[in-house]
Amino acid sequence: MENAIEKHTIAVLVDNEPGVLARVIGLFSGRGYNIESLTVAEVNNADHLSRITLVTSGTRMIIEQIKAQLGRLVPVHRVHDLTDEGPSVERELALVKVAGTGDRRIEALRLADIFQAKVVDATLSSFVFELTGTTEQVDDFVGLMGQLGLVEASRTGVVAMSKGPAAF
Amino acid sequence: MSEQKLTGAQIVIKALKDQGVDIIFGYPGGAVLPIYDALFQQNDLKHVLVRHEQAAVHAAEGYARSTGKVGCVLVTSGPGATNAVTGLLDALCDSIPLVCLSGQVPTHLIGNDAFQEADTTGITRPCTKHNYLVKDVDNLARTLHEAFYVARSGRPGPVLVDIPKDVQFADGTYVPPAEVKHKTYRPQVKAEMARIEEAIELIANAKRPVFYTGGGVINAGPFAAKLLTQFVKTTGFPITSTLMGLGAFPASDNQWLGMLGMHGTYEANLAMYECDVMINIGARFDDRVTGKLSAFSPGSKKIHVDIDPSSINKNVAVDIPIVGDCGAVLEDMLRIWKARAKSVDKPALKEWWGKIEGWRSRNCLNYNRTESVIKPQYALERLREALRGKDHYITTEVGQHQMWAAQFLPFDQPNRWLTSGGLGTMGYGLPAAIGAQLAHPDAIVVDVSGEASFLMNMQEIGTAVQYRAPVKIFILNNQYMGMVRQWQELLHGSRYSQSYSEALPDFVKLAESWGCVGLRATTVAEVDQVIEKMLAVTDRPCIIDIAVDPKENCFPMIPGGKAHNEILFGPDDSPSDATPEDGMVLV
């Protein structure tokens, strides 16, 4: 169906130059495209290359437009639609601060253990948990902590990598 | 040894010369004084001083479109750069190759709210193809050469280079253009052969074909226009063009259907609606052409040749997308057509032309000729006759006069028609005419204008006088912002809100105050006389004020939101059943 909304994870390899992130964001906001999450970091220091991983949604025609518009930006090297191109791995990292005492504190610690989250800060009345997982797993964890004294959560957004030996 | 030590300002001058620039349009200011100093101390690069930075960009656009070269602009920081924004966006919308150099406050003051500081790269990011801020003088030469490369490659567009004042003063090394190659940006020029073969098959078997061409052919160069003409003549198919593509195919040829779109001819729009094969070369399915998208050319297979992949399948799904330069693709198409000894379906084509002749016979550009008032179409017809056989360039402002100029002035060659299509900028015509005139000193350059548009950049008369550019400003004065008034009449119950041109100057006295020739025509008989006098002036600008019928509306017209076969022909046609809501919101 042409009008079905699809969610896509797109990886873009760009020159690490001042303003390139502003350019990509400006493209999305200027044309009314949706950014669900975006992460960026330098991946090749010698060649000054950065990788932007973004999650966007839209109809098939919009998704194709987004990729074409990204592709024609001058500092963009390559655009890969990881959702289209085959199986891929997606992960998010979250730092979650939970405060409480007594039963709620015990339950929070138990759930953290179940989710395989690490404790990176501990006081007698609070914890900061570090969790890596799929977006769904992180959503679930933060949701549960919400009922156990969640103070603050900080999330990175999705990074993704194709499975197999090929680049991207 | 390719390296030389020069100041940043000297590097700018040298880079421009090495890129083949001969004229730069600009306006000085504090942040750009070092470059102006370097300009003063040389004689190869000519600088044209405008009276407003917006006009510098429009003049560079007129220069670029009429020559095929990259236009060049120089403005100062802050207000100089922001004044150029409208012109830059205009160039982006119409794909005109430009390099705009802007001064900037010294690097250590950037971000400090310095005098005349603006975040130029931030402000111009969405209105340029690409922009640069040069913080190190040793990057300056490379950046400038890259800027020219980006401006002219792929789909052309404006590129801005922001140069801080301390970088202009600093000593740096110069590198020549040959040593500069862009790391990533390599637009695809040659198309996939498989696609071209597919397209040729479709074309050979077409029963009701039409060529739909646009600005992409103009940008591909005059040779592309020749190839297009050759291919169209070989096939014998009908051809129409967008506003931006006029002149690529000779209008005097019988296969020419006239411009298509909102104010295009009946035969052009209907041929597009009823065709079975639509061959789009260098056009982008703009909303002025498609009308209501869901009803656009429902039964046809579409071939789309475009150098910009993001243009393909953007609004209209096409069957055979071909990414490549129009000229290169046409060359391949012609070669394959001949190699495979292809021929067209002659009987089907004969029937199709019969239908088209039927539509033509409606004579959709007809208007009520009268002796009591000058009709704007009449004035343009007389201009057309007077210019026949003479080498001429036409620029326009924006509005009804622009549409009438497109309908009534024929073009047999590309790069002669300069108009603001995508952005529709009032105030474009006069500076663009100056740019074209300075590029072609011996040609006749006429700016077909409206009295409201003319006022927007009229200060540029001074520029034309200073550089002895004998542009002819042909004002179709109907005392209203004509196109706005027309829409208010048809869609807003004739509530003419703020569309009357109050407090107009006496255009003849205005011309004379600048030492130019001013002419006026108020009766039909005077039109030929003023045109003759206007063409006789060769050493200074000429303003011609032609008082035309204020009530004349521009037809044919496809009202906003309607399908492209729902056409109004004249004042007796009213938009049938109230214009749909989605039509009202369209500009």
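Rules behind the numbers
- Residues numbered from 1 in each chain as written.
- Chains lettered and ligands numbered in written order.
- Predicted model: local features only at pLDDT ≥ 70, side-chain atom pairs only at ≥ 80, totals over all residues.
- Helix = DSSP H or I, 4+ residues; strand = E, 2+ residues; numbered from the N terminus.
- Contact = placed C-beta atoms within 7 Å.
- Rg over C-alpha atoms; globule rule 2.2 N^0.38 Å.
- Buried ≥ 20, exposed ≤ 12 C-beta atoms within 10 Å, placed from the backbone.
- Arc of directions from axis to C-beta.
- Axes fitted to C-alpha atoms, helices over the stretch in contact; angles between N-to-C directions.
- Parallel < 35°, antiparallel > 145°, perpendicular 65-115°, else oblique.
- Left-handed = near helix turned anticlockwise from the far one by under 90°.
- Nonpolar A, V, L, I, M, F, W, Y, C, P; charged D, E, K, R; others polar.
- Domains from an automatic or database assignment.
- Pairing = 2+ DSSP bridges.
- pLDDT = per-residue confidence, 0-100.
- Core = buried A, V, L, I, M, F, W, Y, C linked by C-beta atoms within 7 Å.
- Expected span 1.5 Å × (residues − 1).

(A) Molecular detail of the overall build of chain A. Each helix and strand counted, chain A has 4 helices and 9 strands in total. Going residue by residue from the N terminus, the α and β elements of chain A occur as β-α-β-β-α-β-β-α-β-β-α-β-β. Dimensions along the principal axes, computed over C-alpha positions, put chain A at roughly 55 × 45 × 35 Å. Excluding contacts between residues fewer than 6 apart, the proportion of contacts in chain A whose partners are at least 24 apart in sequence is 73%.

(B) Molecular detail of the overall build of chain B. Scanning chain B for helices and strands turns up 23 helices and 20 strands. In summary, chain B has a C-alpha radius of gyration of 24 Å against a globular reference of 25 Å for 587 residues, a match within 12%. Taking the principal axes of its C-alpha atoms as reference, chain B extends roughly 70 × 60 × 45 Å. For chain B, the residues scored as buried account for 54% of the 587 residues in total.

(C) Molecular detail of helix α22 (residues 524-536) of chain B. All names here are of chain B. Those residues of α22 that fall on the buried side of the exposure criterion are Val527, Ile531 and Met534. Each buried residue of α22 sits inside an arc of 65° when the element is viewed along its axis, so together they form one side. Exposed side chains of α22 directed beyond 90 degrees from the buried face belong to Ala525, Gln529, Glu532 and Ala536. Along its buried surface, α22 packs onto α15 (376-387), β18 (472-477), β19 (517-521) and β20 (542-547).

(D) View of the packing of helix α1 (residues 8-18) of chain B against helix α2 (residues 33-40) of chain B. Residues and elements named next belong to chain B. Where α1 meets α2, the closest approach of the two axes is 8 Å, and the angle between their N-to-C directions is 55°. The orientation of α1 with respect to α2, classified from their angle, is oblique. Helix-helix and strand crossings are classified by hand; for α1 and α2 the assignment is right-handed. Contact residues: Ala9, Gln10, Val12 and Ile13 in α1; Pro34, Ile35, Asp37, Ala38 and Leu39 in α2. Split by residue class, the contact of α1 with α2 holds 7 nonpolar, 1 polar and 1 charged.

(E) Here's a closer look at the domain arrangement of chain A. Residues and elements named next belong to chain A. One can read the domain layout of chain A as domain 1 (6-81) and domain 2 (89-161). Its C-alpha centre places domain 1 at a distance of 29 Å from the equivalent point of domain 2. Each partner contributes to the interface: domain 1 provides 7 residues, whereas domain 2 provides 6 residues. For the side of domain 1 that touches domain 2, the secondary structure elements donating two or more residues are β1 (6-15), β2 (37-44) and β3 (49-58). Broken down by element, the side of domain 1 that touches domain 2 gets its largest block of residues, 3 residues, from β2. Looking at the side of domain 1 that touches domain 2 residue by residue, the class counts come to 3 nonpolar, 4 polar and no charged.

(F) Molecular detail of the sheet that holds strand β14 (residues 320-323) of chain B. All names here are of chain B. An order of β11-β10-β9-β12-β13-β14 is seen for the 6 strands of this open sheet, with the pairing classed as parallel. Unpaired on one side and paired on the other, β11 (256-259) and β14 mark the two borders of the sheet. Neighbour to neighbour, the strand axes of the sheet diverge by 15° on average, direction disregarded. Looking at chain direction, strand β13 (residues 301-306) and β14 are connected through 4 bridges and run parallel.

(G) Highlighting the interface of chain A and chain B. Opposite the 16 residues of chain A that make contact, chain B presents 13 residues. Looking at the side of chain A that touches chain B, the elements with two or more residues in it are α1 (20-31), α2 (60-71) and β4 (76-81) of chain A. At 6 residues, α2(A) tops the list of elements feeding residues into the side of chain A that touches chain B.

(H) Highlighting the confidence of the model for chain B. Model confidence for chain B is summarised by a mean pLDDT of 95, while 98% of its residues fall at 70 or above. The complex prediction reports pTM at 0.95, with the ipTM value standing at 0.89.

(I) Summary view of the domain arrangement of chain B. Residue and element names in this part refer to chain B. Per the domain assignment, the segments making up chain B are domain 1 (4-179), domain 2 (193-360) and domain 3 (376-547). Domain 1 and domain 2 are separated by 37 Å when their C-alpha centres are compared. Taken residue by residue, the interface counts 6 residues in domain 1 and 6 residues in domain 2. Looking at the side of domain 1 that touches domain 2, its residues break down into 1 nonpolar, 3 polar and 2 charged.

(J) Up close: unusual backbone geometry. Residue and element names in this part refer to chain B. Phe555 connects to Pro556 through a cis peptide bond whose omega is -5°. Structurally, Pro556 can be placed in the loop between β20 and α23 (581-584). The phi dihedral of Gln116 is positive, around 55°, even though this residue is not glycine. Locating Gln116 in the fold gives a position in the loop between β5 (98-104) and α5 (120-124). At Gln498, a position not held by glycine, the phi torsion is positive, near 60°. For Gln498, the location among the structural elements is in the loop between α20 (482-491) and α21 (507-513).

(K) Spotlight on the sheet that holds β1(A). Residue and element names in this part refer to chain A. A sheet is described by the order of its strands in space; here 4 strands give the open sequence β2-β3-β1-β4, paired in antiparallel fashion. With partners counted over all chains shown, the strands left at the sheet margins are β2 and β4, one partner each. Each neighbouring strand pair of the sheet contributes to a mean axis angle of 20°, computed without reference to strand direction. Note: β1 against β4, 5 bridges, orientation antiparallel. Counterpart to Ile10 in the pairing with β4 is Asp81. Where α2 meets the sheet, it contacts β1, β3 and β4, and its direction lies at approximately 160° from that of β4.

(L) Summary view of the pairing of β13(B). Residue and element names in this part refer to chain B. Of all 6 residues that make up β13, 5 are buried, and the element is covered over most of its length. Pairing between strand β12 (residues 277-281) and β13: 5 bridges, direction parallel. Looking across to β13, one finds that Val277 is bridged to Lys301.

(M) Geometry of the nonpolar core. Ala56(B), Val73(B), Leu98(B), Val99(B) and Leu228(B) are the most contacted members of the largest nonpolar core, which has 198 residues in total. Not counting residues within four places of it along the chain, the set of residues in contact with Val99(B) comprises Val70(B), Cys72(B), Ala147(B), Phe148(B), Ala151(B), Val159(B) and Val161(B). Core analysis: the next-biggest nonpolar cluster, separate from the first, contains 12 residues, Val98(A), Ala112(A), Leu131(A) and Phe141(A) among them.

(N) Inspection of α1(A) at higher detail. Between the first and last C-alpha of α1(A) there are 17 Å, a value that for 12 residues agrees with the 16 Å anticipated at 1.5 Å per step. Positive phi appears at Gly32(A), one or two residues downstream of α1(A), with a value of about 75°.

(O) Inspection of the environment of Leu74(B) at higher detail. Residue and element names in this part refer to chain B. The topology assignment puts Leu74 in strand β4 (residues 71-75). Since 29 C-beta atoms lie within 10 Å of it, Leu74 is described here as buried. If we ignore the near neighbours within four places in the chain, the residues touching Leu74 are Ile24, Gly26, Val32, Ile35 and Leu101.

(P) Representation of the environment of Glu566(B) in the model. In this structure, Glu566(B) sits in the loop between β20 and α23. Residue classification places Glu566(B) among the partly exposed residues on the basis of 16 C-beta atoms within 10 Å.

(Q) Broad picture of the packing of helix α8 (residues 193-204) of chain B against helix α13 (residues 326-339) of chain B. Residue and element names in this part refer to chain B. Viewed as axis vectors pointing N to C, α8 and α13 meet at an angle of 60°, and their least axial separation amounts to 10 Å. Classed by the angle they form, the pair α8 and α13 counts as oblique. Classified by chirality, the crossing of α13 by α8 is right-handed. Together, Ile196, Glu197, Ala199 and Ile200 of α8 and Val329, Asp332, Met333, Ile336 and Trp337 of α13 make up the contact between the two elements.

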